Structure formats: structure tokens, C-alpha cells
Amino acid sequence: MKHNKTERTEKIINAITWEMNDKMEGMSSLSSCPTDNEHCKKQSKVKNSICSHCFAMTMNKRFTNLRNKLHRNTELLTAEVIPAEEMPILNRAYFRFESFGDLINTIQVKNYFNLCKANPDTRFALWTKHPEIIALLLKTGEKKPNNLNIIYSSYMLNDRNDVIMNKYSFIDKVFTVYTSDYIKENSVKINCGANYCLGCLKCYKKNSVKHISEKLK
């Protein structure tokens with residue numbers, strides 16, 4: 001693929017968080033803003049939802065620079081399709097979509113697909129609670145990139161959605177968060193490894209693991 005570096009290429013480069021912290025140390029991501037997403041704001045008020053424990057929403061309200069950056073990202077990613085030829089070359093083995101926000105429209109999905117296409121040697125993973133948005137794009141004939149895992153993030157604590165993968169065949173894995181009490185009472189096996197993504201990579205690799213379980217922090 002021939003690449004053309006344009007102003008839009010530079011905007012995507014600036015939108016990326018190149019160095020993540022905590023469990024995502026050593027990884028990079030591209031995210032939109034949860035405080036710009038009506039679904040995120042609505043779900044954050046639902047009791048016992050994982051969104052009611054959202055660290056990203058808290059960070060956005062606390063840190064102005066982060067909120068401004070993610071707001072610019074939302075405008076960039078959801079307004080127009082950026083061709084794969086204008087997407088940056090990442091030089092990354094693994095890359096995450098949406099470590100802060102979630103999908104808003106099909107333009108955003110198409111832009112994520114195009115970044116995958118521009119970087120065929122990078123393994124991508126996208127977390128979303130809105131697979132219906134992806135389904136709308138796929139109905140147009142768009143193909144899911146082979147180097148992308150799509151991970152459905154369960155809405156509610158302790159409630160793994162076992163039917164979602166049958167409804168949407170493009171979903172690779174389901175990610176669910178459990179409380180300590182529920183884990184103990186139901187002998188839930190936690191397989192989100194060692195609180196360090198690069199030391200685990202279950203979400204990013206094509207493998208037989210279909211359900212990822214994490215303990216609520």
C-alpha cells in the first residue's frame with residue numbers, strides 16, 4: 001500500500017496516546033471521549049453497570065488536558081473517513097482502540113478499520129459495548145480487517161453475555177468484570193492476566209479464549 005503523509009495523517013498521530021500507564025504500560029491506543037458519548041453518559045448512571053465504575057469518565061472530569069485531547073479525537077474520528085493511505089505507520093506490535101470512550105458512529109469504525117489496513121503487521125483490539133454500530137458498517141460490504149480482534153465489553157457487573165457472539169459473528173471475545181463477592185460465591189475463574197496487558201495478550205491474539213474475566217478494582 002502506498003502511503004501519503006497529509007495533514008490528516010499528522011492529526012491521527014497527535015490523537016494517539018503513545019505511552020499508556022498502569023496495566024497498559026508499554027502500549028499505545030487511539031480513543032474517543034466518554035463525556036462526548038451520550039451512551040457513555042447515560043450508562044454511567046446505571047447502578048451495577050461497569051460504566052458506573054468508569055475510570056475514564058472520572059479522569060476526563062479531573063484532567064482538562066486529557067478531556068480536551070479526547071474531545072478533539074472524537075471530532076476527528078467521527079466527522080469524516082480518513083483513507084488507509086493517509087493513516088500513519090505505527091511501528092507497534094499491539095495497539096488498542098478505545099481505552100477511554102466507545103463507538104459513536106460508523107465513520108469512527110471505518111477509520112479504525114483503515115488504521116488496521118495501513119498496519120497489517122500490528123495486532124489491534126477494539127473494546128465496545130455497541131457492536132450494532134459495527135454491524136451497520138459491515139452491511140455496506142466493508143470487511144473486518146484480519147488483524148483486528150473485536151471485544152464485546154459486558155454492560156453489567158457479574159453478567160457475562162453468552163449470546164452476543166451468536167448475534168454478531170464478528171465479535172472475537174467477551175470481556176466481563178466481576179466483583180470479589182461474586183467471584184468467591186460462584187468460583188469465577190479470572191483470566192485477565194497479572195494486571196499487565198503485554199504480559200498476557202489474550203485479548204489481542206487469535207486464540208481459543210473467548211471469554212475474558214477481570215476482577216473489579
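Quantities reported herein were computed from a predicted structural model and do not represent experimental measurements.

J.: Teacher, can you tell me more about helix H3 (residues 55–62) here?
T.: Every α-helix winds through 3.6 residues per turn, so residues three or four apart in the chain are directed the same way. Along H3, the positions that sit buried rather than exposed are Ala56, Met57 and Asn60. Along the long axis of H3, the arc covered by the buried residues comes to 100°, so they all point the same way. Next to the buried residues of H3 lie helix H2 (38–43) and helix H4 (64–79).

J.: Just to check I follow, could you spell out the environment of Arg8 for this structure?
T.: Assignment of secondary structure puts Arg8 in helix H1 (residues 7–15). Judged by its relative accessible area of 22%, Arg8 is partly exposed. Each C-alpha atom of the pair Arg8 and Ile89 lies 13 Å from the other, and the pair is 81 residues apart in sequence. The contact partners of Arg8, leaving out residues within four places of it in the chain, are Glu80, Val81, Ile82, Pro83 and Glu86. A polar contact of 2.6 Å, which involves the side chain of Arg8, links it to the side chain of Glu86.

J.: Help me out: how do you make sense of the side chain of His130 in this one?
T.: Among the structural elements, His130 can be located in the loop between strand E3 (123–128) and helix H6 (131–138). Using a relative accessible area of 4% as the deciding quantity, one classes His130 as buried. A distance of 3.1 Å separates the side chain of His130 from the side chain of Glu132, its partner in a polar contact.

J.: Can you walk me through unusual backbone geometry in this structure?
T.: Working note: non-glycine residues mostly have negative phi, and peptide bonds are mostly trans. Of note, Asn48 is a non-glycine position whose phi angle comes to about 70°, a positive value. Turning to its location among the elements, Asn48 is positioned in the loop between H2 and H3. A residue is classified by how much of its surface remains accessible, and Asn48, at 47% relative accessible area, is partly exposed. Although it is not a glycine, Asn158 sits at a positive phi angle of roughly 65°. Position of Asn158 relative to the elements: it lies in the loop between strand E4 (148–153) and helix H7 (164–167).

J.: What am I meant to see in the packing of aromatic side chains here?
T.: Given two aromatic rings, one states the distance between the centres and the angle between the planes to describe the pair. Summed over the entire model, instances satisfying the criterion amount to eight aromatic pairs. Ring geometry for Phe97 against Phe124: centres 5.2 Å apart, planes inclined by 10°, an arrangement best described as stacked. Highlighted residues: Phe97 in strand E2 (residues 94–97) and Phe124 in strand E3, separated in sequence by 27 residues. You'll find Phe97 and Phe124 in the same group, each marked buried. On the basis of an interplanar angle of 20° and a centroid distance of 5.7 Å, the ring pair of Tyr178 and Tyr182 is categorised as stacked. With relative accessibility at 5%, the residue Tyr178 sits in the buried group. On the basis of relative accessibility, which here comes to 29%, the residue Tyr182 falls in the partly exposed class.

Rules behind the numbers
- Residues numbered from 1 in each chain as written.
- Predicted model: local features only at pLDDT ≥ 70, side-chain atom pairs only at ≥ 80, totals over all residues.
- Heavy atoms only, no water.
- Buried < 20%, exposed > 50% of the residue type's maximum accessible area, 1.4 Å probe, protein only.
- Helix = DSSP H or I, 4+ residues; strand = E, 2+ residues; numbered from the N terminus.
- Arc of directions from axis to C-beta.
- Contact = heavy atoms within 4.5 Å.
- Polar contact = N/O pair within 3.5 Å; in protein donor to acceptor, adjacent residues only side chain to side chain.
- Phe/Tyr/Trp six-rings, centres within 6.5 Å; stacked < 30°, edge-to-face > 60°.

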